[in-house]
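Listed here are the chains, written in short residue letters.
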Amino acid sequence: MNDCFVDSSALVKNYVREAGSAVVRRLLDPAAQATITVAQITTVEVVAALMRCGRRGDIAHEDAETLAAEFLWDVRNRVDVVPTSDAIVDASEKKRKKE
């Protein structure tokens, strides 16, 4: 079993096909039995990145919504989250909403 601290740029590769996606998908595959850890702020960053992909047309907007929901399910059920202060998360969410 592996322990992995994963940042938002790597996590996005698990949901949107881009360079490096195959490696990330193997790492995050439940069969790999890896313990995946992320910073709490990563949840906001990944959702923002997925929605940005939808706005840019990299993926369909509906797919961005679906992928964001899948990511949040994974965070609740498969990922260990290291807390970040509420002030940092709130400021990041406000910024994301402005994008």
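Model, not experiment: these values are computed from the prediction.

Calculation notes
- Residues numbered from 1 in each chain as written.
- Predicted model: local features only at pLDDT ≥ 70, side-chain atom pairs only at ≥ 80, totals over all residues.
- Heavy atoms only, no water.
- Phe/Tyr/Trp six-rings, centres within 6.5 Å; stacked < 30°, edge-to-face > 60°.
- Helix = DSSP H or I, 4+ residues; strand = E, 2+ residues; numbered from the N terminus.
- Buried < 20%, exposed > 50% of the residue type's maximum accessible area, 1.4 Å probe, protein only.
- 1 Å grid on protein atoms, 1.4 Å probe; cavity = no way out; pocket = protein on both sides within 12 Å on 5 of 7 lines; lining within 4 Å.
- Points joined across faces, edges and corners; volume = space filled by probe spheres on them.
- Nonpolar A, V, L, I, M, F, W, Y, C, P; charged D, E, K, R; others polar.
- Pairing = 2+ DSSP bridges.

### Considerations on the packing of aromatic side chains
Inspection of every chain in the model, using the stated rule, returns one aromatic pair. Plain terms: the ring middles of tyrosine 15 and phenylalanine 71 are 5.7 Å apart, the flat faces sit at 85 degrees to each other, and that makes the pair edge-to-face. With tyrosine 15 in helix α1 (residues 8–15) and phenylalanine 71 in helix α4 (residues 61–78), this residue pair connects regions lying 56 residues apart in the sequence. The class for tyrosine 15 is buried, based on a relative accessible area of 10%. A relative accessible area of 1% means that phenylalanine 71 is categorised as buried.

### What about empty space enclosed by the protein?
Summed over the entire model, instances satisfying the criterion amount to one cavity of 30 Å³ or more. Roughly 80 Å³ of volume is contained in the largest cavity. Lining the largest cavity are Leu11, Asn14, Tyr15, Leu28, Ile36, Phe71, Asp74, Val75, Arg78 and Val79. Those elements that place two or more of their residues in the lining of the largest cavity are α1 and α4. Top contributing element to the lining of the largest cavity by residue count: α4, with four residues. The residue makeup of the lining of the largest cavity, split by class, is seven nonpolar, one polar and two charged.

### Details of the pairing of strand β2 (residues 35–39)
Within β2, four of the five residues are buried, leaving the element largely enclosed by the surrounding structure. Where strand β1 (residues 3–5) meets β2, three bridges bridge the pair, whose relative direction is parallel. Within β2, the position partnered with aspartate 3 by the bridge is threonine 35. Bridge count between β2 and strand β3 (residues 79–82): four bridges; the pairing is parallel. Residue pairing in the sheet places threonine 37 in a bridge with aspartate 80 of β3.

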